[in-house]
Amino acid sequence: MCPTLDLEPMNGSVTLVGGGPGAWDLITVRGLRALEAADVILTDHLGPTDQLDQFLETDGKEIVDVAKLPYAKQVAQERINALMVEHAQAGKRVVRLKGGDPYVFGRGFEELHACAAAGIACEVVPGVTSAVSVPAAAGIPVTQRGMTHSFTVVSGHLAPDDPRSLVDWEALARVGGTIVVIMGVRQAPAIAETLQRVLPGTTPAAVIQDGETARQREVRTTLGSLAETMARENITNPAVYVIGEVAGLAHAG
């Protein structure tokens with residue numbers, strides 16, 4: 001069963017929906033049904049947003065853009081929480097549509113607790129995380145029998161030497177396995193430099209921008225050339241990069 005807050009709705013309700021990496025048909029059936037039933041949709045810029053207006057234009061739904069673009073437009077999390085609660089208290093069925101999965105660097109747990117504090121019933125619908133699906137879209141498995149039996153998903157929005165960072169990058173490199181970095185475009189030079197204190201510069205790497213959308217593109221490189229390659233190719237958010245032997249696997253077919 002999908003985790004549901006055990007509260008009776010005061011008026012309306014909130015559903016946190018993981019929309020997946022970008023392609024409309026990668027949202028779950030449960031997530032799609034929640035969108036169909038919604039009165040109000042608070043949407044990120046990630047996930048299946050390109051077709052949202054067209055899909056819902058005849059249904060009389062209110063669509064509110066609450067995107068938080070890296071280093072650009074920002075809707076404060078407190079404002080998003082307030083909007084969810086306000087619409088639900090007005091008797092509306094609210095969907096908070098998020099890219100990927102609500103609980104993978106999605107602040108979904110914070111939103112769940114905001115609803116709980118206001119006495120609003122809240123359901124969480126899992127989504128397909130970009131940390132696995134975007135590499136797969138580029139033909140890269142994050143694990144491979146006989147090569148690697150583990151992978152780690154890391155947020156790269158803070159530099160390794162930032163005092164707010166909770167990641168021990170050198171320890172992570174020593175663990176082995178595949179490293180998948182999301183939200184790490186700006187900090188790629190510092191991350192690559194830190195990882196090379198443990199890993200050889202020849203370690204395969206791959207970068208996938210706009211994964212699972214019509215704009216998807218990928219670049220194969222090495223850890224030592226990662227920052228240079230991303231700069232030369234003008235890689236921008238959203239992008240995922242993969243570091244490890246699996247990034248060097250050739251495409252099948």
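Description of the structure in this document. The structure presented is a predicted model; accordingly, all values stated were derived computationally and were not measured.

All right, on to the overall build of the protein then. Helix and strand content of the protein: 8 helices and 10 strands. In the protein, which comprises 253 residues, the proportion classed as buried is 46%. Long-range contacts, defined here as pairs at least 24 residues apart, represent 70% of the contacts in the protein between residues at least 6 apart.

Before going further, it helps to examine helix H4 (residues 108-117). Regarding H4, the residues found buried are Gly108, Glu111, Leu112, Ala114 and Cys115. Projection of H4 onto a plane perpendicular to its axis shows the buried side chains occupying an angular sector of 160°, all on one side. Buried positions along H4 lie against strand E1 (13-18), helix H3 (77-89), strand E4 (93-98) and strand E5 (121-125).

Let us now look at the sheet that holds strand E8 (residues 204-209). Here we have 5 strands laid out as an open sheet, ordered E6-E7-E10-E8-E9, and mixed in their pairing. The open sheet has two edge strands with one neighbour each: strand E6 (151-155) and strand E9 (217-222). Taken pair by pair, the neighbouring strands of this sheet meet at an average axis angle of 20°, ignoring direction. Relative to E9, E8 runs antiparallel, the two being bridged by 6 bridges. Its bridge partner being in E9, Pro204 is matched across the sheet by Thr222. Of the strands in this sheet, E6, strand E7 (178-182), E8 and strand E10 (239-243) touch helix H5 (residues 130-137), which is tilted by about 80° from E10.

Attention shifts here to the side chain of Gln209. Within the element layout of this structure, Gln209 appears in strand E8. Among the polar contacts listed, one links the side chain of Gln209 to the side chain of Asp210, at a separation of 3.2 Å.

Of all 5 residues that make up E5, 4 are buried, and the element is covered over most of its length. Here 5 bridges tie E1 to E5, and the two strands are oriented parallel to one another. In the sheet register, Ser13 faces E5, and the bridge partner there is Ala121.

We now examine the nonpolar core. Ile179, Leu195, Leu226, Met230, Tyr241 and Ile243 are the most contacted members of the largest nonpolar core, which totals 22 residues. Those elements that place two or more of their residues in this core are helix H6 (169-175), E7, helix H7 (188-195), E8, helix H8 (226-232) and E10. Among the elements that line this core, the one with the most residues is H7, at 4 residues. Leu195 has contacts with Trp169, Ala173, Ile179, Leu223 and Ile243, leaving out every residue within four places of it along the chain. Within the second largest apolar cluster, 17 residues are counted, among which are Val94, Leu112, Cys115 and Ile120.

Let us now look at the environment of Val242. Along the polypeptide, Val242 turns up in strand E10. When the C-alpha atoms of Val242 and Arg220 are compared, they prove to be 9.5 Å apart, with 22 residues separating the residues in sequence. Excluding anything up to four places from it in sequence, Val242 contacts Pro135, Ile140, Thr178, Ile179, Pro204, Ala205, Ala206, Ile208 and Ala247.

Between H3 and H4, the least distance of the axes is 10 Å, while the angle of their chain directions is 45°. By the angle between their axes, H3 is oblique relative to H4. Classified by chirality, the crossing of H4 by H3 is right-handed. Residues Gln77, Ile80, Asn81, Met84 and Val85 of H3 form the contact with H4, whose own contacting residues are Glu110, Glu111, Ala114 and Cys115.

Let us look at the packing of aromatic side chains. Aromatic ring pairs: the centre-centre distance and the angle between the two ring planes describe each pair. Following the criterion strictly, the structure yields 1 aromatic pair and no others. Look at Tyr103 and Phe109: their rings are 6.0 Å apart centre to centre, the planes differ by 80°, and that puts the pair in the edge-to-face class.

Enumeration according to the criterion identifies 13 salt bridges in this entry. Between Glu111 and Arg96 there is a salt bridge whose closest N-O contact spans 3.0 Å. One end of the pair, Glu111, is in helix H4; the other, Arg96, is in strand E4, with 15 residues separating them in the sequence.

Quick look at the sheet that holds strand E3 (residues 62-65) now. The 5 strands are arranged E3-E2-E4-E1-E5 in an open sheet whose pairing can be described as parallel. Of all strands in the sheet, those bounded by a partner on one side alone are E3 and E5. Between one strand axis and the next, the sheet turns by 20° as a mean value, whatever way the strands run. In this sheet, E4 lies alongside E1 in parallel orientation, the contact comprising 6 bridges. Bridge assignment links Leu16 to a residue of E4, and that residue is Arg96. Running over the sheet, H3 touches E1, strand E2 (40-43), E3 and E4 and is turned about 155° from E4. Contacts from H4 reach E1, E4 and E5, with the element oriented near 175° to E1.

Analysis parameters
Residues numbered from 1 in each chain as written. Predicted model: local features only at pLDDT ≥ 70, side-chain atom pairs only at ≥ 80, totals over all residues. Heavy atoms only, no water. Helix = DSSP H or I, 4+ residues; strand = E, 2+ residues; numbered from the N terminus. Buried < 20%, exposed > 50% of the residue type's maximum accessible area, 1.4 Å probe, protein only. Contact = heavy atoms within 4.5 Å. Arc of directions from axis to C-beta. Pairing = 2+ DSSP bridges. Axes fitted to C-alpha atoms, helices over the stretch in contact; angles between N-to-C directions. Polar contact = N/O pair within 3.5 Å; in protein donor to acceptor, adjacent residues only side chain to side chain. Core = buried A, V, L, I, M, F, W, Y, C linked by side-chain atoms within 4.5 Å. Parallel < 35°, antiparallel > 145°, perpendicular 65-115°, else oblique. Left-handed = near helix turned anticlockwise from the far one by under 90°. Phe/Tyr/Trp six-rings, centres within 6.5 Å; stacked < 30°, edge-to-face > 60°. Salt bridge = Lys/Arg side-chain N within 4 Å of Asp/Glu carboxyl O.

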